Structures are given as structure tokens and as C-alpha cells.
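Below are the chains, spelled out letter by letter.
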Amino acid sequence: MYDAIIIGGGPGGYVSAIRLSQLGKKVALIEKSLIGGTCTNVGCIPTKAILTAAHLYTDIKEKAKKFGINVENVGFDLSGIMKHMSKSVTMSRKGIEYLLKKNNVDLYYGKAIIKDTTHVLIENENRIIEGRNIVLAHGSIPTIFPPFDTVPNIWTSDDVFKMTELPESIAIIGGGVIGIEFATFFSALGVNVTIVEIAEHILPYEDKDVSEEIKKALKKNKVKILEKTKVEKISFNNNEYVLKTTGENKEETITAKKVLVAVGRKPNIPDDVKALGLKIERGIVTDKTLKTSIDNIYAIGDIRGQIMLAHVAMYEGIVAAHNIAGDKKEMDYTAVPSIIFSNPEVASVGLKEKDVVNQEEIKIFKFPVSANGRARTMEERIGFAKVIAHKETGKILGLTIVSPSATDMIMEGVIAIKYGLTAEQLADSIHPHPTLTETLLGAFEGIENLAIHI
Ligand code: NAD
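For clarity, every value in this text was computed on a predicted model and none was experimentally measured. (Residues numbered from 1 in each chain as written. Predicted model: local features only at pLDDT ≥ 70, side-chain atom pairs only at ≥ 80, totals over all residues. Heavy atoms only, no water.)

(A) How the structure looks around the UniProt feature "domain: Pyridine nucleotide-disulphide oxidoreductase dimerisation" (unreviewed entry) in the chain. Under the feature "domain: Pyridine nucleotide-disulphide oxidoreductase dimerisation" (unreviewed entry), the UniProt entry names residues 336-440. Secondary structure across residues 336-440 divides into 25% helix and 30% strand, with the first and last C-alpha atoms of the span separated by 18 Å. (UniProt positions renumbered as here; feature names shortened; annotations may be inferred. Helix = DSSP H or I, 4+ residues; strand = E, 2+ residues; numbered from the N terminus.)

Written out as C-alpha cells, the structure reads:
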């Protein structure tokens, strides 16, 4: 008898399994495909591997000469990029298997089918295991809807990693996180990219000034961006896709050799999970301890249909594990960082300017990357750090960064928001010089009307 059976070996599931084991519990983890889930195999890790290659290629092309480095015949070989990607994925997967083994988690490869609230069948082994608790960590799948399901071979993010040659042109539907990361990759390698975004601007969950900076960067690579635009019709003729779009006052026809649909993901809730009779809305509903409407069943990660991010799934896995082990731990979503590996990167946490309700209560300061000395040494000038603080208390409420290394630097804001730190406290913390973190320092000082470098 297991203390917990975890279904799904993505970042939520495997982290939860390890934590449960660390807490002295007997754990089974069942994975029907590859350990590591979407993130490790067709998400975070492979995209970051190919984007790192694309960023390096851009840097060599654009900066080598300016830095006095002679490079001739700069080029790339897609198979080499894909090899680097596969190696990163395989190493990550092996690492997870090693960690599970080290922590004595019983890992079963096979399809899990829940028989009742304490029994799970591992289909290919025809074996039923019993557990006091079940953790649902089935993840999510890409959304695809009409008209995109009416033509053959439309790509979702899962398919891009199987490509053996670069398309000459690509239409990317959806200018969200996946759309922008792939637009960055393809355009850096010279593919003709068109982004079709239905919302007011690309990256609609971020502030408008973020999307303006990223548009500037993408347009350098000749990316065509259509906002407030919908694809009405799509067909495939003479080896290319033809998309009829309607924008605000304009109809357009776009042609592309490939179409990538990146319009969001939906929770993967199979029939055996539905048959349990759990409360389901957009995804499986849980309380703050990640417990579902059935007492011994927990749900973590994308299957909840809430914030679909690997780092949120991991944290939910940890919180669920502690609750199963008898500790009391609740989820706190006040400081969830969001990160985009565009070039430059984007990262944000907490309150956004577009969501401010009472302007009187807050103060905003924006410090530009162009005023940062370290950025100058790197020949980087696009971007900013924007801080939103409470006017009276000075507490940091939100931080948005567009800058190289934004995805690493956002942690300063995460800690500040989580622990209620003020702009004064952060400005009073010595930031190393010369580093990109001084863009944040400038913004914190600005909240105090004491910005020195601008
Ligand atoms: P998303 O929600 O980030 O973006 C979807 C975009 O598609 C939005 O901009 C939306 O307005 C647009 N859209 C929706 N319907 C459309 C239509 N009919 N025509 C044109 N545009 C349309 O979703 P995603 O980019 O598919 O990513 C899926 C999930 O994976 C998200 O939760 C995302 O946060 C996560 N993810 C995270 C990272 C990261 O953390 N770096 C990377 C990749 C994916």
C-alpha cells in the first residue's frame, strides 16, 4: 500500500513524488510517456535549448565585429541545433530518473487508469496498485480549434521539435508566450515570420509598453505583426497555407509554408478522472491545500486549468506533498513570476500597470536599460525595469523587466513582493556594479525620487 500514487511525471508530479519521499512516505509515480512531461520534453527545456542557439547566432552576427572579434562565414546547421536540443532534453530526463531512484520513488511507465479512490491500474502491466492518496498531475494539451483543425499538418508547439528543416516562412497564430518565443527563434534564423494576435497587442497578459519593446526587437528581424486580427479561413494550396484574416478595418491574405497554432493549452482530464465525480470547472477544482472535492485526491499543475507554468506546478507539488504528509501548507499565488525567453527577455511579478485600480494609491517608476552601464558594455539598449509601489508604505506591488537576463533578475521582485519589502529597503541593498541588476536599483531609487543614474 502506497501513501500516495502520483499520476503524471511532469514537473508537478515528479517534484511532489520526491518531496513526499523526503517526508518519509511511500510513493508511486506513473508516467505514460516520457518522464519530465511537457516541460522537459516538448516545452521549457527544448525551447530554451534552441533559443540559446538562436540568441548566440544573433549575437555573433550582430556584435562580433563591434567587439573586435573576427568571424567569417557565420552560418548554422539546423541538425546541430536539434542535436543540442535533444542532448539537453535527454540529460534532463536522465537527471529526473536519477533523482527519483535516489529518493526511492517507485516509477512505473504505463498508462494509469483510476479504478476507484484508492486503486489505480497500470494498463500495460495489467497491475493494480493501492494508495491512501492520489495526486492528479496529468498536465495539459495544446488547444486547437476551427478553422485550424480543417487543414492538414498544422503545427502545435509539440510538433516544432520534430522538424528536420526550417520552413521558408511561418504564420504563428497567437502572440502569447509560446508564439513570441518561437517567433524569436524562427526570425533569428532568417525565417519569414508573421504573428496573428487576436488581442489588443502581443503578450496581452503583460503591459502595453512590454509588447512595444518586444515588437521593436522582433521587427529588427522583419517579423510582421498583426494585432486585433483573427484568422477567418485557412486553406492549403500549392504547397503553402493561405490565411484570410480580418483586422480592425482591414482584411488580409497571408501565405506561409507552415502554420504554428499557439493559442493556449487546456487541462488534460481523461475519462477515468471525470468518472470520479470531482468538481471540474475550467480544470480540476481544489482548495488552497490542493485537495479536490474528494478528500484523499489532490490535483496539481496544468490539470487545474489555472496558472499553467512549470514553476507553479512544482510548487503546487510541494504544497500537496506536505499536506498529504500531515503538515498544514497553503498555496500563495501573490508572487508568481512570469517569464518569456524573447530577445531581450521579459519577466514580471505582482501587479501590472494595466491592472492598477486606484492610481492615487500607487507610484510607478521606470528605469531604462539604455542608462545601465553593464548593458552598454553588452551593446544592449532595448528594455526597462518598471516598479509599482504602494505610495504610502513604499511596499513593492509589482515589477516588470524587459532586459537581457530579465528571467533571472525577476527573483528580486518575487522575494520583495512575497515578503512585503519596500522600495527603500531594496534601494538600500548594495547592488553589484556593473551589473544588469542596477536597472532594478535605478527603478527602486526612482520610487523614492532618488534615482541617480537618470
Ligand atoms: P498564452 O495564453 O500565453 O497565449 C495565447 C495567445 O493566443 C494570447 O495572446 C491570445 O490572445 C492569443 N489568441 C487566442 N485565440 C486566438 C485566435 N483565435 N487568433 C489569434 N490569437 C489568439 O498561451 P500559449 O502561448 O499557447 O502558452 C500555453 C501555456 O504555456 C501558457 O500558460 C504559457 O504561460 C505556458 N508557457 C510558458 C512559458 C514560459 O514560462 N516561458 C513558455 C511557453 C509556454
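Now that the structure has been shown, the text picks up again.
(B) The arrangement of the domain arrangement of the chain in detail. One can read the domain layout of the chain as domain 1 (2-142 + 266-324), domain 2 (148-263) and domain 3 (338-447). Relative placement of domain 1 and domain 3: their C-alpha centres are 30 Å apart. Contact between domain 1 and domain 3 buries roughly 710 Å² in total, counting both sides, with carbon and sulfur atoms accounting for 57%. When residues of domain 1 are sorted by the area they lose upon contact with domain 3, Lys48, His55 and Lys63 head the list and together hold 49% of the total. (Domains from an automatic or database assignment. Buried area = accessible area lost by both parts, 1.4 Å probe.)

(C) Geometry of the pattern of salt bridges. Considering all chains together, one arrives at 24 salt bridges under this definition. For the salt bridge of Asp59 with Lys63, the shortest nitrogen-to-oxygen distance reads 3.5 Å. You can see Asp59 and its partner Lys63 sitting in helix α3 (residues 44-63), four residues apart, about one turn around the helix. Residue class for Lys63 comes out buried when judged on its relative accessible area of 10%. Across the pair Lys224 and Glu252 runs a salt bridge whose closest N-O atoms are separated by 2.8 Å. (Salt bridge = Lys/Arg side-chain N within 4 Å of Asp/Glu carboxyl O. Buried < 20%, exposed > 50% of the residue type's maximum accessible area, 1.4 Å probe, protein only.)

(D) Layout of the packing of aromatic side chains. Taken as a whole, this structure holds seven aromatic pairs when the rule is applied. Pairing Trp155 with Phe186 gives two aromatic rings, centres 6.4 Å apart and planes at 25 degrees, and the pair type is stacked. Of the two residues, Trp155 sits in the loop between β7 (140-142) and α5 (157-160) while Phe186 sits in helix α6 (residues 177-188), which places them 31 residues apart along the sequence. Here Trp155 and Phe186 have matching classes, each one buried. Ring centres of Phe182 and Phe186 lie 6.3 Å apart, and the angle between their planes is 35 degrees; this geometry places the pair in the tilted category. With Phe182 and Phe186 both in helix α6 and four residues apart, the pair spans about one turn of that helix. The pair Phe182 / Phe186 is uniform in exposure class, with both members buried. Linked through ring pairs, Trp155, Phe161, Phe182, Phe185 and Phe186 together constitute an aromatic cluster. Positioned above the aromatic ring of Phe384 is the side chain of Lys366, whose terminal nitrogen or guanidinium carbon lies 4.3 Å from the ring centre. (Phe/Tyr/Trp six-rings, centres within 6.5 Å; stacked < 30°, edge-to-face > 60°. Lys NZ or Arg CZ within 6 Å of the ring centre and 35° of its normal.)

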